Amino acid sequence: MIKNQWYAVLPSKAVPEGKVIGARRLGQNLALFRDKEGNVGCVADKCTHRGAALSIGKVVNGCLQCPFHGLQFDVNGKCTFVPADGRAATADQSRFNVKNLPVREHCGIIYVWYGDEKNMTEDVPFFDDEIDGTWAYSELEDHWNSHYSRCIENQLDVVHLPFVHRTTIGRGNKTVVNGPKIEFIPAGLITSADNSVDEGQSPKPASECEIKKTYLKFLFPNIWLNHISDKMKVMIYFAPVDAENTILYIRFYSKVAGAKPIDHIVAQLGKAGNKIIERQDKRVVITQQPKASTLMSGENLLAGDRPIIEYRQIREELKKR
């Protein structure tokens, strides 16, 4: 994991008011809930009193109540009430505070801060220059038995298209990989496939390629966008579960019709297409060994793997920081 980053981990709708939701993310068991104002709290799923799972508790007056002995915690993990001590208690109850992860919500996504709070930034990674509230979208969720780095690399991989997706987005047998060209942006990179049919020619170098209108954009640590057109986009956030598991949240955005009710229908059709393509990827990626990728992996990489190489290099630099 890269420290001091905002990780997209859940859709906002997954944490409704009045409910406690248990989720394993970033290698930790977490409990999420909302206070009276609708703010999300994310705390360690273990009561500091006797170790019970807080995720099977309930929300009482905007606080998370432990199911075992009724201790209550606010969205910052502060213990606000110990029933056994009574409401008249004056003793310091801070020893019961539970660890919390800072939370932000943006565009229907819950982000949690992984790292030191003193280094916490205000802005979360999202494609605000590409997507706003005028778009309709559908969302698909799927669990992959793979490290999130492998899942991300798959979405930057232009070499696999004619093989893994030969019946869908890789049709045409364009096996020669030109470039690909890469552009670096703040906190990420942009690239696009420029493959061609093998007619005996040598691949073009990246310097002779260009970023096409259909391009891929990635922002660290875990959010990706496929710009299909000005009116259709696919976005994925790769929620890290632990060292060997990731949940992909795949959104199909549409503004084809310019009318949200119709675009919602288009988005649902896009969701069906996303599922087919995503399952083609999943079948292969979950077999990769080792589960997590590294910069010095021992893999024999190709020139066409440059987006993956750049991803690994940036990731390694961020981890060292």
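Residues numbered from 1 in each chain as written. Predicted model: local features only at pLDDT ≥ 70, side-chain atom pairs only at ≥ 80, totals over all residues. Heavy atoms only, no water.

Caption draft 1: Representation of the overall build of the protein. The secondary structure content of the protein amounts to four helices and 19 strands. Relative to its 321 residues, the protein shows a buried fraction of 50%. In the protein, the proportion of contacts linking residues at least 24 apart, taken out of those at least 6 apart, comes to 60%. If you sum the accessible surface of the protein, you get close to 15700 Å²; carbon and sulfur atoms cover 50% of it. (Helix = DSSP H or I, 4+ residues; strand = E, 2+ residues; numbered from the N terminus. Buried < 20%, exposed > 50% of the residue type's maximum accessible area, 1.4 Å probe, protein only. Contact = heavy atoms within 4.5 Å. Areas by Shrake-Rupley, 256 points an atom, 1.4 Å probe, with all protein chains shown as cover.)

Caption draft 2: Structural detail: the sheet that holds strand S2 (residues 21–25). Taken in spatial order, the three strands make up an open sheet running S2-S3-S4, and their pairing is antiparallel. Every other strand in the sheet has two partners, leaving S2 and strand S4 (40–44) as the edge strands with one partner each. The average angle at which neighbouring strand axes cross in this sheet is 35°, direction not considered. Sheet topology places S2 next to strand S3 (residues 28–34); five bridges connect them, and they run antiparallel. For Arg24, the partnering residue across the bridge sits in S3 and is Asn29. (Pairing = 2+ DSSP bridges. Axes fitted to C-alpha atoms, helices over the stretch in contact; angles between N-to-C directions.)

Caption draft 3: Highlighting the environment of Leu302. For Leu302, the position within the fold is in the loop between helix H3 (260–285) and helix H4 (306–320). It is 9.6 Å that separates the C-alpha atoms of Leu302 and Val177, two residues lying 125 residues apart in sequence. Here Leu302 is in contact with Val159 and Ile309, once residues within four sequence places are set aside.

Caption draft 4: View of the packing of aromatic side chains. The full count for this structure, using the stated rule, is ten aromatic pairs. Residues Phe126 and Phe127 carry aromatic rings whose centres are separated by 6.2 Å and whose planes lie at 45° to one another, so their mutual orientation is tilted. Considered together, Phe126 and Phe127 belong to a single accessibility category, that of buried residues. Considering the side-chain rings of Phe218 and Phe220, the 5.0 Å spacing of their centres and the 80° angle between planes classify their relative orientation as edge-to-face. Residue class for Phe218 comes out buried when judged on its relative accessible area of 0%. Taken together, the ring pairs in this structure connect Tyr7, Tyr114 and Tyr148 into an aromatic cluster. The ring centre of Phe81 lies 4.1 Å from the NZ or CZ of Arg87, which sits over that ring. (Phe/Tyr/Trp six-rings, centres within 6.5 Å; stacked < 30°, edge-to-face > 60°. Lys NZ or Arg CZ within 6 Å of the ring centre and 35° of its normal.)

Caption draft 5: A look at unusual backbone geometry. Put simply, Gly179 and Pro180 share a cis peptide bond, and its omega is -5°. For Pro180, the location among the structural elements is in the loop between strand S12 (176–177) and strand S13 (182–185). The step from Gln289 to Pro290 runs through a cis peptide bond, and the omega angle for that step is -5°. The phi angle at Cys107 is positive, at roughly 55°, despite the residue not being glycine.

Caption draft 6: Spatial organisation of the sheet that holds strand S6 (residues 63–65). Read from one edge of the open sheet, four strands run S5-S6-S7-S8, paired in antiparallel fashion. Each edge of the open sheet carries a strand with a single partner, namely strand S5 (58–60) and strand S8 (79–81).

Caption draft 7: Expanded view of the side chain of Arg312. The topology assignment puts Arg312 in helix H4. Within polar-contact distance, the side chain of Arg312 engages the side chain of Glu299 at 2.8 Å. (Polar contact = N/O pair within 3.5 Å; in protein donor to acceptor, adjacent residues only side chain to side chain.)

No statement about biological role is implied by the geometric values presented.
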